[in-house]
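Working through the structure, step by step
The lines below spell out each chain.
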Amino acid sequence: MTAWLHQHRAALGRALRRLLQTPFVTLLSLLVIGIALTLPATGYVLLSGLGEVSRNVSGSPQISVFMAVDASRKEVAEIEGRLRRAAPDAWRFVPKEDALKRLQASEGMAEIVAALPRNPLPDAFVVEPANAAPEALEVLRKELAGWPKVAHVQLDSAWVKRLDAFLRLGRLALWVLAGIFSVGLVAATFNIIRLQVMAQAAEIEVARMIGATDAFIRRPFYYYGTLQGALGGLLGAAFAAGIVALLRGPAGELAALYGGSFALPGPDGGVVAALAGAGALLGWIGARLSVGLSLRRID
Amino acid sequence: MIVASDLGKRYPGGFEALAGVSFTIEAGRMVFITGHSGAGKTTLIKLVASIERPTAGSLVVNGQNLAALRRSVIPYVRRHIGMVFQDQKLLFDRNALDNVLLPLQITGLGRRESVRRAQAALDKVGLLARAKAMPVALSGGEQQRLAIARAVVNRPALLVADEPTGNLDADSADEVLELFAEFNRVGVTVILATHEPRRIERYRPQLLVLDHGRLAA
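Fair warning: this is a prediction, and the values are worked out from it, not measured in the lab.

Turning to the overall build of chain B, a few remarks are in order. When its secondary structure is counted, chain B shows six helices and ten strands. Whereas a compact globule of 217 residues would reach a radius of gyration of roughly 17 Å, chain B reaches 17 Å, a difference of no more than 12%. Considering only C-alpha atoms, chain B reaches an extent of 45 × 40 × 35 Å along its principal axes. Per-residue burial over chain B gives 56% buried out of 217 residues. With the model as given, the accessible surface of chain B reaches about 9500 Å², and the carbon-plus-sulfur share is 50%. Treating the 28 positive side-chain charges of chain B as one cloud and the 21 negative ones as another, the clouds have centres 8 Å apart.

As structure tokens, this is what we get:
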């Protein structure tokens with residue numbers, strides 16, 4: 001047991017020494033792995049940021065019911081009565097005068113509104129349905145649209161659904177991307193380790209002849225691949241954090257233009273750990289494949 | 001300690017390096033394997049050190065038949081045999097001490113105890129002062145002594161060497177031979193292959209003379 005521990009510590013030490021002995025090669029390898037992981041990592045962070053937005057908004061889908069412009073007070077009251085009977089979660093009436101005032105308050109609109117001969121806006125109701133399921137919303141929308149003097153019914157959650165579909169597509173693309181880059185990472189590690197085995201052919205040969213087991217010979221390479229992958233993963237996380245930080249300003253401005261606020265979060269501890277873990281796992285796989293094949297050639 | 005019976009080694013391609021070789025070596029003997037170049041000395045040394053496997057007969061070393069070993073056991077058998085190679089096989093990317101440490105790393109001995117034993121082995125071959133020297137900085141005789149230190153650091157009961165004096169001048173060769181004799185005096189069985197059996201009579205060795213892969217005497 002102690003011997004086993006000593007051997008593992010020695011193998012880890014040898015792997016670290018090999019990483020440090022050739023700092024330039026190590027740096028280049030880490031860059032390759034880091035860059036391979038950056039794209040999926042950045043994509044993941046961006047998509048989960050957007051997903052957060054859609055989750056916050058889709059919590060309260062709204063239906064806007066616009067009356068015909070020429071609808072009378074009585075006809076509006078009729079709809080109000082029907083809404084009360086339909087008993088949605090909440091609803092409020094937006095008189096056309098209020099809508100006009102709000103429009104006037106918008107930047108650059110005051111003059112345009114002042115120039116209008118009469119109020120072009122209709123009365124409207126904003127309804128928050130009790131049942132937020134997409135199918136139920138659709139049923140309600142159709143029903144509302146059929147009521148008298150209702151000109152238009154707008155399902156405000158439509159863009160959320162579109163965003164959601166976009167996010168789902170994005171996530172799928174991300175997984176495909178991550179899969180491709182994972183294969184690339186394994187291949188890169190494979191090649192790096194193969195060169196290492198070749199460079200140490202003399203040591204391997206001697207060690208074998210004086211009683212080294214296969215495990216003893218393989219171990220440092222496994223540690224090397226795993227360490228390299230983990231460090232590459234951390235580098236990828238750092239790159240992703242940098243990219244997200246660069247995008248945060250413009251994304252905030254864009255959100256402000258749409259009248260919202262949107263703080264893009266960087267990769268959190270879980271994402272960093274997952275990247276390091278994925279890098280380590282892929283590095284280990286690459287090392288395993290490579291050592292198996294390369295040693296067979298030396299035999 | 002070592003019993004060979006009808007031992008044979010045929011290499012892929014059909015070359016028969018050894019055939020019908022039988023001998024017994026008692027523990028604690030000093031044995032020279034001699035013969036012309038290509039007689040099979042190196043092959044016999046490699047078989048005894050379990051670096052290669054016999055293709056015929058049996059070779060029992062320390063009670064284990066090397067002809068019938070499972071592949072997974074071979075590393076552990078090798079650890080009990082000190083091997084000095086014809087070309088020494090030193091690692092030139094590390095100093096003398098680290099070369100001697102390699103067998104102890106393989107067995108998984110702790111660092112402090114390993115260094116202590118490696119220094120003792122270097123001291124025994126007269127190289128303790130050069131522990132930090134890189135192998136290229138050592139003379140031919142010193143390199144051979146370093147290879148011996150690496151072979152004995154695990155304290156094997158059997159020490160095997162292939163042409164250990166082959167490339168050395170007469171004085172260095174005598175030093176190296178004397179070193180093997182010293183290990184033999186403290187009970188280590190020593191088997192040396194040499195194609196120039198000069199000045200070996202004084203060790204009163206057991207002689208195995210090979211001729212074209214067969215035992216001549």
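Let us now look at the overall build of chain A. When helices and strands are tallied, chain A shows ten helices and four strands. Scanning chain A from its N terminus toward the C terminus, one meets helices and strands in the order α-α-β-α-β-α-α-β-α-β-α-α-α-α. Whereas a compact globule of 299 residues would reach a radius of gyration of roughly 19 Å, chain A reaches 31 Å, over 25% beyond that. Along the longest, intermediate and shortest principal axes, the C-alpha atoms of chain A span 100 × 40 × 30 Å. The burial tally for chain A puts 39% of its 299 residues in the buried class. For chain A, restricting intrachain contacts to residue pairs at least 6 apart in sequence, the fraction spanning at least 24 positions comes to 84%. Within chain A, the 23 negative side-chain charges are centred at a point lying 10 Å from the centre of the 30 positive side-chain charges.

It is worth spelling out the nonpolar core at this point. Ranked by size, the top nonpolar core spans 53 residues in total, and within it Ile2(B), Leu44(B), Leu59(B) and Ile191(B) carry the most contacts. For this core, the element with the most residues is helix α9 (residues 214–257) of chain A, which contributes five residues. Setting aside residues up to four positions removed in sequence, Ile191(B) forms contacts with Ile2(B), Ile25(B), Val31(B), Ile33(B), Ile45(B), Val48(B), Leu158(B), Leu159(B), Val160(B) and Ala161(B). The next biggest cluster of nonpolar side chains, apart from the first, holds 40 residues, and it includes Val84(B), Val125(B), Phe180(B) and Phe183(B).

Bringing helix α1 (residues 41–48) of chain B into the picture now. Residue and element names in this part refer to chain B. Summarising burial for α1: six of the eight residues are buried, a large majority. Within the span of α1, buried status applies to Lys 41, Thr 43, Leu 44, Ile 45, Leu 47 and Val 48. Immediately downstream of α1, the backbone of Ser 50 shows phi near 55 degrees, a positive value.

Okay, the packing of aromatic side chains next. Aromatic ring pairs are reported here in terms of the distance separating the ring centres and the angle at which the planes meet. All names here are of chain A. Within this structure, the stated rule accounts for three aromatic pairs over all chains. Relative to Phe 125, the ring of Phe 93 lies with its centre 5.0 Å away and its plane at 45 degrees, an arrangement referred to as tilted. One end of the pair, Phe 93, is in strand β2 (residues 90–94); the other, Phe 125, is in strand β3 (residues 124–128), with 32 residues separating them in the sequence. Owing to a relative accessible area of 0%, Phe 125 belongs among the buried residues under this scheme. Between Tyr 222 and Trp 284, the aromatic rings sit 6.4 Å apart at their centres with planes inclined by 65 degrees, giving edge-to-face as the arrangement. Remark: Trp 284 occurs in helix α10 (residues 269–298) and Tyr 222 occurs in helix α9; sequence separation between them is 62 residues. Among the residues examined, Tyr 222 registers a relative accessible area of 14% and is labelled buried. Among the aromatic side chains, those forming a connected cluster through ring pairs are Trp 91, Phe 93 and Phe 125. In this arrangement the basic side chain of Arg 18 is found over the ring face of Phe 221, its NZ or CZ atom lying 4.8 Å from the centre.

Here the focus is the domain arrangement of chain A. Assigned domains of chain A: these are domain 1 (2–57 + 161–298) and domain 2 (62–156). Using only C-alpha atoms to locate each centre, domain 1 of chain A and domain 2 of chain A end up separated by 53 Å.

Further remarks concern the pattern of salt bridges. On inspection of all chains with the given rule, the structure shows 17 salt bridges over all chains. Here Glu138(A) makes a salt bridge to Arg141(A), at a shortest N to O gap of 3.2 Å. Placement of the pair is Glu138(A) and Arg141(A) together in helix α6 (residues 134–145), with a separation of three residues, close to one helical turn. For Glu138(A), a relative accessible area of 27% gives the class partly exposed. The class of Arg141(A) is partly exposed, set by a relative accessible area of 24%. Measuring nitrogen to oxygen at the nearest pair gives 3.6 Å for the salt bridge that ties Arg208(A) to Asp214(A). For Asp214(A), a relative accessible area of 27% translates into the label partly exposed. Bridged by salt links that share partners, the residues Glu203(A), Asp93(B) and Arg94(B) form one connected network.

Our next topic: the sheet that holds β3(A). Residue and element names in this part refer to chain A. Pairing within the open sheet is antiparallel, and its four strands lie in the order β2-β3-β1-β4. Either end of the sheet is taken by a strand with one partner, and the two such strands are β2 and β4 (150–155). The sheet shows a mean angle of 15 degrees between the axes of neighbouring strands, direction not considered. Looking at chain direction, strand β1 (residues 63–67) and β4 are connected through five bridges and run antiparallel. Within β4, the position partnered with Ser 64 by the bridge is Gln 154. Packed onto the sheet, α6 meets β1 and β4 and runs at close to 165 degrees relative to β4.

Scoring rules and cut-offs
Counting of residues starts from 1 at the beginning of each chain's written sequence and follows it residue by residue. Throughout, the order in which chains and ligands are written sets their labels, letters from A for the former and numbers from 1 for the latter. Thresholds applied to this predicted model are a pLDDT of at least 70 for local features of residues and 80 or more for the giving and counting of side-chain atom pairs; totals over whole chains, interfaces and linings are not thresholded and use all residues. Neither water nor hydrogens contribute to the side-chain values; these are computed over all heavy atoms in the structure. For helices the rule is a DSSP run of H or I covering at least 4 residues; for strands it is a run of E covering at least 2, with both sets numbered from the N terminus onward. C-alpha atoms define the radius of gyration, and 2.2 Å times the number of residues to the power 0.38 defines the globule rule. Relative accessibility under 20% of the residue-type maximum defines a buried residue, over 50% an exposed one, and the middle range a partly exposed one, all with a 1.4 Å probe and only protein chains included. Working definition of accessibility: Shrake-Rupley area with a 1.4 Å probe, residue cover restricted to the visible protein chains. In this tally, Lys and Arg are treated as positive and Asp and Glu as negative; His is ignored, and so are the chain termini. All charge positions are set by atom: Lys at NZ, Arg at CZ, Asp at CG, Glu at CD. Two residues form a contact once any of their heavy atoms are found within 4.5 Å. We define the nonpolar core as a collection of buried residues of types Ala, Val, Leu, Ile, Met, Phe, Trp, Tyr and Cys that are connected through side-chain atoms lying within 4.5 Å of one another. Two rings from Phe, Tyr or Trp (for Trp, the six-membered ring) form a pair when their centres sit within 6.5 Å of each other. Planes less than 30 degrees apart are called stacked, planes more than 60 degrees apart edge-to-face, and all others tilted. Ring-over charges, as used throughout, are those where CZ of Arg or NZ of Lys falls within 6 Å of the ring centre and within 35 degrees of the ring normal. The domain boundaries here were taken from an automatic or database domain assignment. One side-chain nitrogen of Lys or Arg within 4 Å of one carboxyl oxygen of Asp or Glu is enough to make a salt bridge. Strand pairing requires that DSSP identify at least two bridges connecting the strands. Note on definitions: angles span 0 to 180 degrees between N-to-C directions of axes, and those axes are lines fitted to C-alpha atoms, for helices only across the stretch in contact.

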